[in-house]
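# Overview (structure and organization)
Residues per chain, in single letters:
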Amino acid sequence: MTNKAALLYPFFAIVLWAGNVIVSRLSAHTIGPEAITFYRLLLAVALMSLFVAGPAWRNRAVIWPHLGQFAILGFLAMCLFQSLSYLAAETTTATNMAVFTALTPLLTVLLSAVLLRETPTVGMIGGGVLSLAGLVYLVSAGDPAALLRNGVHLGDPLMFVAALVYALYGVLLKRWDLPVASWQSTYMQALCALTIMFPAFLATPAPMRALNAETLPLIAYAGGLASIVLPFFWVRGVQILGPNRCAVFMNLLPVFTALGAIVLLGEPVRAFHIVGGGVTLAGVACAAIFRRPLWAASSSPVAIRS
């Protein structure tokens, strides 16, 4: 496959990710966050078992020593991140959710500097400040002073925490570099996450975990397309194009989500969404482009990575 054709992998992954954000909004007040997280994991594990369970069992001698790490990774990405996203969807818009999710690459760079002791860069600092300004403008609906008067919707800080959790997941995945194939790693994380979510699922009131004509399509999308097809597209894209080129596609997430929100949810996109979201994404882009170490900034111009 040519590199141009390979661009379709991250492109369709982001399209499916945007759909997952829409599903999160549709699930608000319809099914409990813990319930839909549990059901999507159950479906994902069932589907992956068809082609991963056998190889994973044969590789159990390698997998078993890392079970604790799989449990931590599964909890972060598949339990906490998803539950926070579904909970945030109750009080914020799909567009805001997508913008916060698109912060993940920047937050990953920031956490890498702290946890992996990677040298901070000019883009990391400048991009972080720019993104913060954009987020303030976004969540305040274009009136930053309103944050002091009225505060913010609970869903916005929840989505920020969710993005931070997913960034931590990415950093730990890089730091541990587990010697297990990607599908087997995802499968083990999902199994661990399913076990962790079971008590929370049982604690969910029966009406908020009911399966019906309204909830089944949401679970099917989340557990099938978003949990199986999306990771496949993304991993293939990273394998062919590299993580940096794929990360650029995260900037499309708010665009596709906003389009879906207009058509499917009737959410209006206003000027503050465009300005605040655009400034936030510009900050994310700065962190990816300007890679000169911070300590060298005063002695030479900032390099731009092509």
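Note: the structure precedes this text.
One structure accompanies this document, and this report is about it. Keep in mind the model is a prediction, meaning the values are calculated, not measured.

### Observations concerning unusual backbone geometry
A positive phi angle is found at His29, which is not glycine, with a value near 65 degrees. On the secondary structure map, His29 appears in the loop between α2 (8–27) and α3 (33–58). By relative accessible area, which is 61% here, His29 ends up exposed. Backbone geometry places Asp177, a non-glycine residue, at a positive phi of 45 degrees. Assignment of secondary structure puts Asp177 in the loop between α10 (155–176) and α11 (182–203). Among the residues examined, Asp177 registers a relative accessible area of 59% and is labelled exposed.

### Thoughts on the packing of aromatic side chains
By convention here, two paired aromatic rings are described through the distance between centres and the angle between planes. Applying the stated criterion to the full structure yields 14 aromatic pairs. Here Phe38 and Phe198 contribute two aromatic rings whose centre-to-centre distance is 5.8 Å and whose plane-to-plane angle is 40 degrees, an arrangement assigned as tilted. Separated by 160 residues along the polypeptide, Phe38 in helix α3 and Phe198 in helix α11 bring together distant segments of the chain. Relative to Tyr166, the ring of Phe81 lies with its centre 4.8 Å away and its plane at 45 degrees, an arrangement referred to as tilted. A residue pair is termed long-range when its members are at least 10 positions apart, and Phe81 in helix α5 (residues 67–88) and Tyr166 in helix α10 qualify at 85 residues. Ring pairing ties together the aromatic residues Tyr9, Phe11, Phe12, Phe232, Phe233 and Phe256, which thus form one cluster.

### A closer look at helix α15 (residues 271–289)
Here α15 spans 26 Å end to end across 19 residues, near enough to the 27 Å set by a 1.5 Å rise per residue. Restricting attention to buried positions, one finds in α15 the residues Phe272, His273, Gly276, Gly277, Thr280, Leu281, Gly283, Val284 and Ala287. All buried residues of α15 lie within an arc of 145 degrees about the axis, which places them on one face of the element. Exposed positions of α15 whose direction lies more than 90 degrees from the buried face are Ala271 and Ile274. The inward-facing, buried residues of α15 abut α6 (94–101), α7 (104–115), α8 (122–139) and α14 (253–265).

### Things to note about the state of the cysteines
Tallied over the full model, the rule gives zero disulfides. Sulfur of Cys79: no disulfide; nearest cysteine sulfur belongs to Cys192 and is 9.2 Å away.

### Quick notes on the layout of surface pockets
If a probe as big as a water molecule is rolled over the atoms, it shows which places are left empty. Its boundaries defined by the atoms lining it, the second largest pocket holds a volume of some 200 Å³. Thr93, Asn96, His153, Phe272 and His273 are, among the 14 residues lining the second largest pocket, the residues nearest its centre. Listing elements by their share of the lining of the second largest pocket, those giving two or more residues are α6, α8 and α15. Residue classes in the lining of the second largest pocket are distributed as five nonpolar, seven polar and two charged.

Procedures and definitions
Residues numbered from 1 in each chain as written. Predicted model: local features only at pLDDT ≥ 70, side-chain atom pairs only at ≥ 80, totals over all residues. Heavy atoms only, no water. Helix = DSSP H or I, 4+ residues; strand = E, 2+ residues; numbered from the N terminus. Buried < 20%, exposed > 50% of the residue type's maximum accessible area, 1.4 Å probe, protein only. Phe/Tyr/Trp six-rings, centres within 6.5 Å; stacked < 30°, edge-to-face > 60°. Expected span 1.5 Å × (residues − 1). Arc of directions from axis to C-beta. Contact = heavy atoms within 4.5 Å. Disulfide = S-S within 2.5 Å. 1 Å grid on protein atoms, 1.4 Å probe; cavity = no way out; pocket = protein on both sides within 12 Å on 5 of 7 lines; lining within 4 Å. Points joined across faces, edges and corners; volume = space filled by probe spheres on them. Nonpolar A, V, L, I, M, F, W, Y, C, P; charged D, E, K, R; others polar.

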